[in-house]
Amino acid sequence: MASEQTIEGAAAEALAAAGDAPFLGLLDVLLLAALIGGAAFYFLKSRKKEEEPTRSYSIQPTTVCTTSAADNSFIKKLKASGRSLVVFYGSQTGTGEEFAGRLAKEGIRYRLKGMVADPEECDMEELLQLKDISNSLAVFCLATYGEGDPTDNAMEFYEWITNGDVDLTGLNYAVFGLGNKTYEHYNKVAIYVDKRLEELGANRVFELGLGDDDANIEDDFITWKDRFWPAVCDHFGIEGGGEEVLIRQYRLLEQPDVLPDRIYTGEIARLHSMQNQRPPFDAKNPFLAPIKVNRELHKGGGRSCMHIELSIEGSKMRYDAGDHVAMYPINDKSLVEKLGQLCNADLDTVFSLINTDTDSSKKHPFPCPTTYRTALTHYLEITAIPRTHILKELAEYCTDEKEKELLRSMASISPEGKEKYQSWIQDACRNVVHILEDIKSCRPPIDHVCELLPRLQPRYYSISSSAKLHPTDVHVTAVLVEYKTPTGRTNKGVATTYLKNKVPSGSEEVKVPVFIRKSQFRLPTKPETPIIMVGPGTGLAPFRGFIQERQFLRDEGKTVGESVLYFGCRKRTEDYIYESELQEWVKKGTLNLKAAFSRDSDKKVYVQHLLEQDADLIWNAIGENKGHFYICGDAKNMAVDVRNILVKILSTKGNMSEADAVQYIKKMEAQKRYSADVWS
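Parameters and conventions
Residues numbered from 1 in each chain as written. Predicted model: local features only at pLDDT ≥ 70, side-chain atom pairs only at ≥ 80, totals over all residues. Heavy atoms only, no water. Phe/Tyr/Trp six-rings, centres within 6.5 Å; stacked < 30°, edge-to-face > 60°. Helix = DSSP H or I, 4+ residues; strand = E, 2+ residues; numbered from the N terminus. Buried < 20%, exposed > 50% of the residue type's maximum accessible area, 1.4 Å probe, protein only. Lys NZ or Arg CZ within 6 Å of the ring centre and 35° of its normal. Pairing = 2+ DSSP bridges.

Take the packing of aromatic side chains next. Evaluated as defined, the whole model comprises 29 aromatic pairs. With a centroid separation of 5.3 Å and 5° between ring planes, the pair formed by phenylalanine 140 and phenylalanine 157 is classed as stacked. Of the two residues, phenylalanine 140 is situated in strand S3 (residues 137-145) and phenylalanine 157 in helix H5 (residues 155-163); the sequence distance between them amounts to 17 residues. Of the two residues, phenylalanine 140 and phenylalanine 157, both sit in the buried class. Between tryptophan 224 and phenylalanine 228 the ring centres are 4.8 Å apart and the planes differ by 20°, which places this aromatic pair in the stacked class. With tryptophan 224 and phenylalanine 228 both in helix H7 (residues 217-236), this residue pair falls four residues apart, about one helical turn. Each member of the pair, tryptophan 224 as well as phenylalanine 228, carries the same accessibility label: buried. By the ring-pair criterion, three or more aromatic residues cluster together here, those being Phe99, Tyr110, Phe176, Phe206, Phe221, Trp224, Phe228 and Trp229. Lying across the ring of tryptophan 424, arginine 430 places its NZ or CZ 3.8 Å from the centre. One Lys or Arg, arginine 517, reaches over the ring of tyrosine 460 and ends 3.7 Å from the middle of that ring.

Next comes the structure, spelled out in structure tokens:
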């Protein structure tokens with residue numbers, strides 16, 4: 001910490017100076033005594049404040065015994081607190097961690113006290129010792145990320161079980177995967193870990209569960225969980241669960257006396273990191289990037305698409321064309337105020353939420369101490385569709401029995417409850433504010449709402465520039481998200497609404513917190529290699545960077561292979577983004593542009609149709625000249641269609657069977673010649 005280093009530095013200077021002066025005068029002694037007395041008083045006062053009883057609700061906090069949080073031995077923690085269930089998570093956006101927490105809490109009902117663990121913070125070789133604990137069970141909630149990769153925090157564990165040959169005989173385990181069926185490598189990580197643990201001798205207590213985020217991952221999880229617990233009880237000879245007790249994971253401590261400079265105001269990790277910026281910049285220490293340009297790209301049509309240029313000068317951050325820039329947004333202030341009113345809260349109250357599980361390395365759900373206003377603005381997803389466990393806990397605060405029953409029903413696993421959750425919550429796009437507006441007798445305490453809501457995640461954007469041309473600027477291309485819901489409300493995207501209002505004017509700088517995330521979406525190492533790019537709409541973003549780079553190399557006199565871009569939008573006169581730039585690259589001979597305008601003719605034409613017409617060109621580029629093929633944009637329809645068309649082209653032009661064509665694409669993927677940067 002900077003403050004500790006400063007104090008230590010000042011102390012060193014004082015000692016150095018003391019060599020040339022009398023040791024201590026009378027005045028020095030008096031001052032020193034006063035300082036020591038003041039520090040002791042402040043320390044005792046702070047401790048007393050910590051020990052003050054907190055307000056309690058009908059949902060009581062748990063109490064557990066402790067071991068050192070710095071210790072990475074999960075076995076020690078389990079033994080010290082009499083627990084036998086450990087739930088590991090691999091999570092990139094927080095959902096895997098949330099599911100792990102829910103399983104660990106529910107273990108109490110089945111006489112299996114549980115703990116949540118981040119594999120990155122644990123000595124995972126201790127899995128070999130877990131069998132020494134009676135009725136022990138390891139559950140893995142693992143998300144698949146990117147191109148079938150483990151999440152950052154599960155990478156080391158994944159590599160360990162992949163490359164190691166340990167004997168896990170006696171280890172009881174179960175796996176739940178979090179994936180998305182629109183992606184090529186659906187739940188690859190969970191499927192592999194489940195199989196690999198069995199190969200290493202471990203005992204599968206319950207079948208692999210697979211959650212699909214494209215459909216209803218919440219339903220997948222609670223359906224799996226409802227069958228998981230009876231199987232666990234049967235395996236260990238435990239009687240079925242007792243009545244469900246809702247347990248608070250965090251206790252509230254209101255802190256009106258905390259000094260203002262010790263209160264978090266939106267920092268991600270280090271206090272004052274937004275005021276005292278210092279590299280390296282990453283997810284926990286974002287760089288406050290000035291916005292140099294924020295202009296509209298659409299020429300009409302009622303929708304909005306922004307071109308934003310961020311300055312990263314002085315940050316020491318580097319990027320390549322194809323990388324992502326992540327941005328931490330903030331929630332709409334009016335929505336925050338509305339939620340405060342619905343919970344009868346003073347949003348400027350300073351508080352901390354403190355984990356009742358003192359063995360957990362996660363002491364707070366977000367940086368504390370802070371105010372409710374800051375927590376709801378910077379740290380919590382208040383616009384997300386709430387999962388069923390949130391509804392279950394909110395039901396406890398309803399004074400109207402019908403409304404309580406409605407929330408409980410939607411949180412249940414009954415077919416009627418699931419159907420109601422789908423229609424009333426998901427299809428209606430109701431967030432927590434909408435629920436409290438419509439369930440008028442539900443008035444939960446604001447601190448419990450803060451505990452229940454998931455963390456506000458950074459938003460990732462494909463960088464639409466090349467560092468060869470713009471080494472100190474990062475360009476972003478983003479469509480404003482705004483839509484009407486079936487209840488007549490207007491829902492707005494958190495990040496794009498935030499960005500829309502960040503327009504630089506005059507001498508005043510407008511800044512946003514960002515960091516760079518490296519990607520596998522890369523131009524070929526040899527510039528002469530031909531490339532095919534498919535990017536309708538904002539899927540054009542990374543390809544703008546690719547083409548900038550290829551133009552730069554041509555301007556330097558280098559030989560550059562053919563660059564073919566398939567771009568599509570609704571109307572040439574409305575949403576044809578970067579039109580003049582694209583036409584300029586065509587004129588210079590750098591780009592072969594194929595554009596589809598779906599609403600400019602009676603028959604809708606999409607990029608898929610243009611690809612089908614260009615079978616010879618595509619086969620020549622990727623089949624005969626070993627070119628690279630890229631897709632960016634919608635994963636659910638466009639990317640699937642494009643892949644299928646490519647299979648067809650390879651079959652006909654390459655004289656392959658369909659199975660061979662599929663294998664050919666897989667080989668291209670392994671060689672990094674086929675890359676997709678898609679979202680659903």
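The next point concerns unusual backbone geometry. As a rule of thumb, non-glycine residues mostly have phi less than zero, and peptide bonds are mostly trans rather than cis. With an omega dihedral of 0°, the bond running from proline 279 to proline 280 counts as a cis peptide bond. With respect to the helices and strands, the residue proline 280 is situated in the loop between strand S8 (250-254) and strand S9 (287-296). A cis amide bond links cysteine 368 to the next residue, proline 369, at an omega of 0°. Among the secondary structure elements, proline 369 is positioned in the loop between strand S12 (350-355) and strand S13 (370-371). Backbone geometry at asparagine 187 places phi at a positive 55°, although glycine is not the residue there. You can see asparagine 187 is positioned in the loop between strand S5 (172-179) and helix H6 (188-199). Since its relative accessible area comes to 0%, asparagine 187 is described here as buried.

Pairing within the open sheet is antiparallel, and its three strands lie in the order S8-S12-S13. Each edge of the sheet is formed by a strand with only one pairing partner; in this case those strands are S8 and S13. Sheet topology places S12 next to S13; two bridges connect them, and they run antiparallel. When the sheet's bridge partners are listed, phenylalanine 351 is paired in S13 with threonine 370.

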